[in-house]
Amino acid sequence: QVHVAESGGGLVQPGGSLRLFCTVSGSNFPRYDLAWYRQAPGNQRELVARISNEYIRTYSTSVEGRFIINRDNAKNTVDLQMSRLEPEDTAVYYCNAAYSQFDYWGLGTLVTVPE
């Protein structure tokens, strides 16, 4: 069974930075496309950033230039470096690992940026 676990969330002031981490268990990690999603209260879950198994990165327009996604296949980790955070970035952030018919999610980590 594959386990996905996020960490690194917290309270950060506007303009600040935060780094989220995600570990994915198992030996198939290099095959996964990895992504960070977020869900703010009352909103649908949305894609924030994705890094493919070929290291191709894509970002939502709302975070492009402020967030960076990286993966480390040797450590089974994917992280999201967030900078210039805004109150609109407040959400629960979820890590996703997907390959073929497999699709795994973590329980999320809360990021709060007060007004």
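Reading guide: rules and limits
- Residues numbered from 1 in each chain as written.
- Predicted model: local features only at pLDDT ≥ 70, side-chain atom pairs only at ≥ 80, totals over all residues.
- Heavy atoms only, no water.
- Helix = DSSP H or I, 4+ residues; strand = E, 2+ residues; numbered from the N terminus.
- Rg over C-alpha atoms; globule rule 2.2 N^0.38 Å.
- Buried < 20%, exposed > 50% of the residue type's maximum accessible area, 1.4 Å probe, protein only.
- Contact = heavy atoms within 4.5 Å.
- Areas by Shrake-Rupley, 256 points an atom, 1.4 Å probe, with all protein chains shown as cover.
- Pairing = 2+ DSSP bridges.

> What is the right way to read the overall build of the chain from this model?
Along the chain, the regular secondary structure elements total zero helices and 11 strands. In sequence order, the chain lays out its α and β elements as β-β-β-β-β-β-β-β-β-β-β. For 115 residues, the compact-globule formula gives about 13 Å, and the C-alpha radius of gyration of the chain, at 13 Å, lands near that figure. Considering only C-alpha atoms, the chain reaches an extent of 40 × 25 × 25 Å along its principal axes. Here the chain, with 115 residues, has 38% of them falling under the buried criterion. The long-range share in the chain, meaning contacts at least 24 apart out of those at least 6 apart in sequence, stands at 51%. When the accessible surface of the chain is split by element, carbon and sulfur atoms take 49% of a total near 6200 Å².

> Is there a simple way to think about the pairing of strand S1 (residues 4-7) in this case?
The side chains of a regular strand alternate between both faces of the sheet. Only one face of S1 is covered, namely the one carrying Val 4 and Glu 6; the face carrying Ala 5 and Ser 7 has none of its residues buried. Bridge count between S1 and strand S3 (residues 18-24): four bridges; the pairing is antiparallel. Bridged to Val 4 within S3 is Val 24.

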